[in-house]
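# Observations on the three-dimensional arrangement
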Amino acid sequence: MPLSQAQVDELRVTGTSAFETTLSQAVDETYKLFTMQESFGSEGYVPLMLSGIGAGQEWVDKRIMHDVTEYGIKYEGKVYENSIKRKNTAVADSIVATASKVGAELAKDARQDSALRALNVLKANIKGFDQESLFGTHTYSAAAGAPSFNNDIEGPNFPWYLLNDYSLIEATRTDENTTFAVNGGTPDSYLGFHEDKVAMGWRHRKIFAPAFWANSVRSCAPLTSANLRAAMNLQTKFKNDAGKRLGTKAKYLVVGTSNAAAAEALIKAALIDGGNTNLDLGRLQLVVLDDLED
């Protein structure tokens, strides 16, 4: 038997409440430490990433105007969702219990979906502003003599990353939050009439993308003090096409489970090597993410 409109309304209200409550709870959002939260409109997301600003100069007669390079890549927003169907009769037996359980589980799924898609930017080495993969060789422009840098250190190990607050982008469609929806159930709906079912789900429009490549370094070298410092030193030497240092520095050491023990010993142990002071103690904030490795 189809659900009444009052039953569907109760399902929607209770489910939405459970969804929003769970969405605000402590599901792991560690990835947001190194992720810019942005918004975008109907035209997608066009980041303002400029280079060639150079440095200040002495005023002599008139202003000196520098040309700048503005990358023209645009990130398109995509719709992500997850939905389930339940028999009307099963829902009607316990509307509140069904709505509470489904709303809570879908909220956890939506949170996990965002985290996994953000981490996939690192794992899949997605193309960035300069239309090159996030980790690899980059130049600021096609001009002769423009500096070129490689933020990808080769080696035999699982990768570890040096990231800062601006390494990834999670852009959400303007004024559109992750929402819970209920469809069908009633006699006049397609699902209610043809399938005797009600559908519940979530959706959002988001962009998960790399930010400016110089904010991130990937290394597959063994995670030792020497290799960590070499990677950090590499990042501080990145320059723009005017030859000026960008001043980018790592804030987070991000590792998967394979590098977790080495990372813990490297930057969290007060003493090393039989009682010697650990000079790497607290050098970076350690982030261990189980989903960083497949």
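This report concerns the structure included in the present document. Not measured: the values here are computed from a predicted model. (Residues numbered from 1 in each chain as written. Predicted model: local features only at pLDDT ≥ 70, side-chain atom pairs only at ≥ 80, totals over all residues. Heavy atoms only, no water.)

This part covers the overall build of the chain. A tally of regular secondary structure across the chain gives six helices and 16 strands. By the compact-globule yardstick of 19 Å for 294 residues, the chain is too spread out, its C-alpha radius of gyration being 25 Å. The principal-axis extent of the C-alpha atoms belonging to the chain is close to 80 × 60 × 30 Å. Expressed as a percentage of its 294 residues, the buried residues of the chain come to 43%. Positive and negative side-chain charges in the chain, numbering 30 and 36 respectively, have mean positions lying 3 Å apart. (Helix = DSSP H or I, 4+ residues; strand = E, 2+ residues; numbered from the N terminus. Rg over C-alpha atoms; globule rule 2.2 N^0.38 Å. Buried < 20%, exposed > 50% of the residue type's maximum accessible area, 1.4 Å probe, protein only. Lys, Arg positive; Asp, Glu negative; His and termini not counted. Charge placed at Lys NZ, Arg CZ, Asp CG, Glu CD.)

Bringing the packing of aromatic side chains into the picture now. Evaluated as defined, the whole model comprises nine aromatic pairs. Measuring from ring centre to ring centre gives 5.6 Å for Phe 19 and Phe 180, while their planes differ by 35°; the resulting arrangement is tilted. Residue Phe 19 is located in helix α1 (residues 5–23), and its partner Phe 180 is located in strand β10 (residues 179–184); the two are separated by 161 residues in the primary sequence. Exposure class is identical for Phe 19 and Phe 180. Each is buried. Each residue in the set Phe 149, Phe 212, Trp 213 and Phe 238 is aromatic and connected to the rest through ring pairs, giving one cluster. (Phe/Tyr/Trp six-rings, centres within 6.5 Å; stacked < 30°, edge-to-face > 60°.)

Our next topic: helix α3 (residues 95–123). Along its 29 residues, α3 runs 41 Å from first to last C-alpha, staying within 8% of the 42 Å computed at 1.5 Å per residue. Following α3 by one or two positions, Asn 125 has its phi on the positive side, about 55°. (Expected span 1.5 Å × (residues − 1).)

Attention shifts here to the sheet that holds strand β8 (residues 160–163). A sheet is described by the order of its strands in space; here five strands give the open sequence β7-β12-β8-β13-β16, paired in mixed fashion. With partners counted over all chains shown, the strands left at the sheet margins are β7 (152–153) and β16 (285–288), one partner each. Pairing geometry for β7 and strand β12 (residues 217–219), over two bridges, is parallel. Looking at β12, one finds that Asp 152 is bridged to Arg 218. Against the sheet, helix α6 (residues 260–267) contacts β13 (252–255) and β16, and its axis sits at roughly 165° relative to β16. (Pairing = 2+ DSSP bridges. Contact = heavy atoms within 4.5 Å. Axes fitted to C-alpha atoms, helices over the stretch in contact; angles between N-to-C directions.)

With that settled, the discussion passes to unusual backbone geometry. One non-glycine residue, Asp 61, adopts positive backbone phi at about 70°. With respect to the helices and strands, the residue Asp 61 is situated in the loop between β2 (50–51) and β3 (69–70). Of note, the phi angle at Gln 131 is positive, near 65°, even though the residue is not glycine. What makes Gln 131 partly exposed here is its relative accessible area of 48%.

On to the packing of α1 against α3, then. To characterise two packed helices, one gives the angle between the axes of the helices and the distance between these axes. Axis separation between α1 and α3 bottoms out at 7 Å; the angle between their running directions is 40°. By the angle between their directions, the pair α1 and α3 is classed as oblique. As α1 runs across α3, the sense of the crossing is right-handed. Where α1 abuts α3, its residues Gln 7, Glu 10, Leu 11, Thr 14, Gly 15, Ala 18, Phe 19, Thr 22 and Leu 23 lie against Ile 95, Val 96, Ala 99, Ser 100, Gly 103, Ala 104, Leu 106, Ala 107, Lys 108, Ala 110 and Arg 111. (Parallel < 35°, antiparallel > 145°, perpendicular 65-115°, else oblique. Left-handed = near helix turned anticlockwise from the far one by under 90°.)

It is worth spelling out the environment of Asn 233 at this point. Considering the arrangement of structural elements, one finds Asn 233 in helix α5 (residues 225–236). Remark: the alpha-carbon pair of Asn 233 and Leu 191, spanning 42 residues in sequence, is separated by 60 Å.

Our next topic: the nonpolar core. Judged by nonpolar contacts, the single largest core of 67 residues is most densely connected at Phe 34, Leu 122, Leu 162, Leu 228, Leu 253 and Val 254. If you tally residues by element for this core, the top one is α3, at 11 residues. Contacts of Phe 34, omitting those with residues within four sequence positions, involve Leu 119, Leu 122, Leu 163, Asn 164, Asp 165, Tyr 166, Ser 167, Leu 168, Tyr 252, Val 254, Val 287 and Leu 289. (Core = buried A, V, L, I, M, F, W, Y, C linked by side-chain atoms within 4.5 Å.)

Evaluated as defined, the whole model comprises one cavity of 30 Å³ or more. When its volume is computed, the largest cavity comes out at roughly 30 Å³. Every residue along the wall of the largest cavity is listed here: Gly 128, Phe 129, Asp 130, Glu 132, Leu 134, His 138, Ala 211, Phe 212 and Trp 213. A per-class count over the lining of the largest cavity returns five nonpolar, two polar and two charged. (1 Å grid on protein atoms, 1.4 Å probe; cavity = no way out; pocket = protein on both sides within 12 Å on 5 of 7 lines; lining within 4 Å. Points joined across faces, edges and corners; volume = space filled by probe spheres on them. Nonpolar A, V, L, I, M, F, W, Y, C, P; charged D, E, K, R; others polar.)

Before going further, it helps to spend a moment on the layout of surface pockets. What the largest pocket holds in volume is close to 280 Å³. Taken together, 13 residues make up the lining of the largest pocket; nearest its centre are Lys 78, Tyr 80, Ile 126, Phe 208 and Ala 209. Of all elements in the fold, only β4 (78–87), α3 and β11 (197–210) reach the threshold of two or more residues within the lining of the largest pocket. Broken down by class, the residue content of the lining of the largest pocket amounts to seven nonpolar, one polar and five charged.

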